[in-house]
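As a plain string of letters, each chain reads:
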Amino acid sequence: MQWLKPIAKMFAPDCTCRMRLGPSGALSRNQGERVEQVTILKQDEVVRLNPHRLEQLYSQLGEAGAEDIVCRALEELSARLSQTEKCYREGRLADMRKCARSLVGVADQIGMHLLSRVATDVSTCADSRDLVAIAATLSRLLRVGDLSLSEIWDAQDLSI
């Protein structure tokens, strides 16, 4: 475990920073204790699309219409994921919650049920103002969002 010490110093040379809610309800940084070891966890999650939902779109709208809907939804999801992360970094939890909540319908529309569920989890954590849970579920949302977007591009054989 000796090899972890240089990594720990890269990430936390002087201290760790903890986030807390300030008097105004915005996030503020708190200096914490010195860290000597960091364990890097491998995040490996399988993302599956609902092929029936995509088939339904194609049968209802035809190939051109369905591809248009899917492309617009992918652009919207990408923008909303970025906005959700930006709101979190800026400490605007209410706006972050709204952005995460807005992902649910778009993700469901094109068969990304896991992304929809994780976005709902982020929204629920924001309601409870649990900063640790928000950080964890938002990280998962960004991971699942990235994997979902890649998966649907590959499944539809589309290029970005």
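First, a word on scope: everything that follows refers to the structure included in this document. (Residues numbered from 1 in each chain as written. Predicted model: local features only at pLDDT ≥ 70, side-chain atom pairs only at ≥ 80, totals over all residues. Heavy atoms only, no water.)

**Considering the side chain of Ser123**
Here comes step 1: Mapped onto the elements of the fold, Ser123 is located in helix H4 (residues 113–128).
Here comes step 2: Here Ser123 falls in the buried class, since its relative accessible area comes to 3%.
Here comes step 3: Once you skip the residues sitting within four places of it in the chain, Ser123 turns out to touch Arg97, Ala100 and Arg101. (Helix = DSSP H or I, 4+ residues; strand = E, 2+ residues; numbered from the N terminus. Buried < 20%, exposed > 50% of the residue type's maximum accessible area, 1.4 Å probe, protein only. Contact = heavy atoms within 4.5 Å.)

**Considerations on unusual backbone geometry**
Here comes step 1: The backbone of Arg129 shows a phi angle near 60°, a positive value even though the residue is not glycine.
Here comes step 2: Here Arg129 is to be found in the loop between H4 and helix H5 (131–156).
Here comes step 3: Judged by relative accessible area, which is 42%, Arg129 ranks as partly exposed.

**Section: the state of the cysteines**
Here comes step 1: Enumeration over the complete set of coordinates arrives at zero disulfides.
Here comes step 2: Left without a disulfide partner, Cys99 is nearest to the cysteine sulfur of Cys87, which lies 4.2 Å away. (Disulfide = S-S within 2.5 Å.)

**Some thoughts on the side chain of Ser148**
Here comes step 1: Relative to the elements of secondary structure, Ser148 occurs in helix H5.
Here comes step 2: Residue classification places Ser148 among the buried residues on the basis of a relative accessible area of 1%.

**Structural notes on the packing of helix H3 (residues 93–109) against H4**
Here comes step 1: Where H3 contacts H4, the two axes come as close as 8 Å, and the packing angle between them is 160°. In terms of orientation, H3 and H4 fall into the roughly antiparallel class. Here H3 and H4 pass one another in a crossing that is left-handed. Within the contact between the two elements, H3 uses Leu93, Met96, Arg97, Ala100, Arg101, Leu103, Val104, Ala107 and Asp108 and H4 uses His113, Leu115, Ser116, Ala119, Thr120, Val122, Ser123, Ala126 and Asp127.
Here comes step 2: Along the lines of polarity and charge, the residues of the contact of H3 with H4 split into ten nonpolar, four polar and four charged. (Axes fitted to C-alpha atoms, helices over the stretch in contact; angles between N-to-C directions. Parallel < 35°, antiparallel > 145°, perpendicular 65-115°, else oblique. Left-handed = near helix turned anticlockwise from the far one by under 90°. Nonpolar A, V, L, I, M, F, W, Y, C, P; charged D, E, K, R; others polar.)

**Concerning the nonpolar core**
The nonpolar side chains of a soluble globular protein tend to be buried with one another.
Here comes step 1: Judged by nonpolar contacts, the single largest core of 38 residues is most densely connected at Leu77, Met96, Ile110, Met112 and Leu141.
Here comes step 2: Listing elements by their share of this core, those giving two or more residues are helix H2 (51–89), H3, H4 and H5.
Here comes step 3: At ten residues, the largest contribution of residues to this core is made by H2.
Here comes step 4: Beyond its immediate stretch of four places on either side in the chain, Met112 contacts Leu49, Leu74, Leu77, Ala107, Ser148, Leu149 and Ile152. (Core = buried A, V, L, I, M, F, W, Y, C linked by side-chain atoms within 4.5 Å.)

**A few points about the environment of Leu131**
Here comes step 1: Among the secondary structure elements, Leu131 is positioned in helix H5.
Here comes step 2: Looking at Leu131, the relative accessible area reads 16%, which means it is buried.
Here comes step 3: In this structure, the C-alpha to C-alpha distance between Leu131 and Leu93, residues 38 residues apart in sequence, is 9.6 Å.

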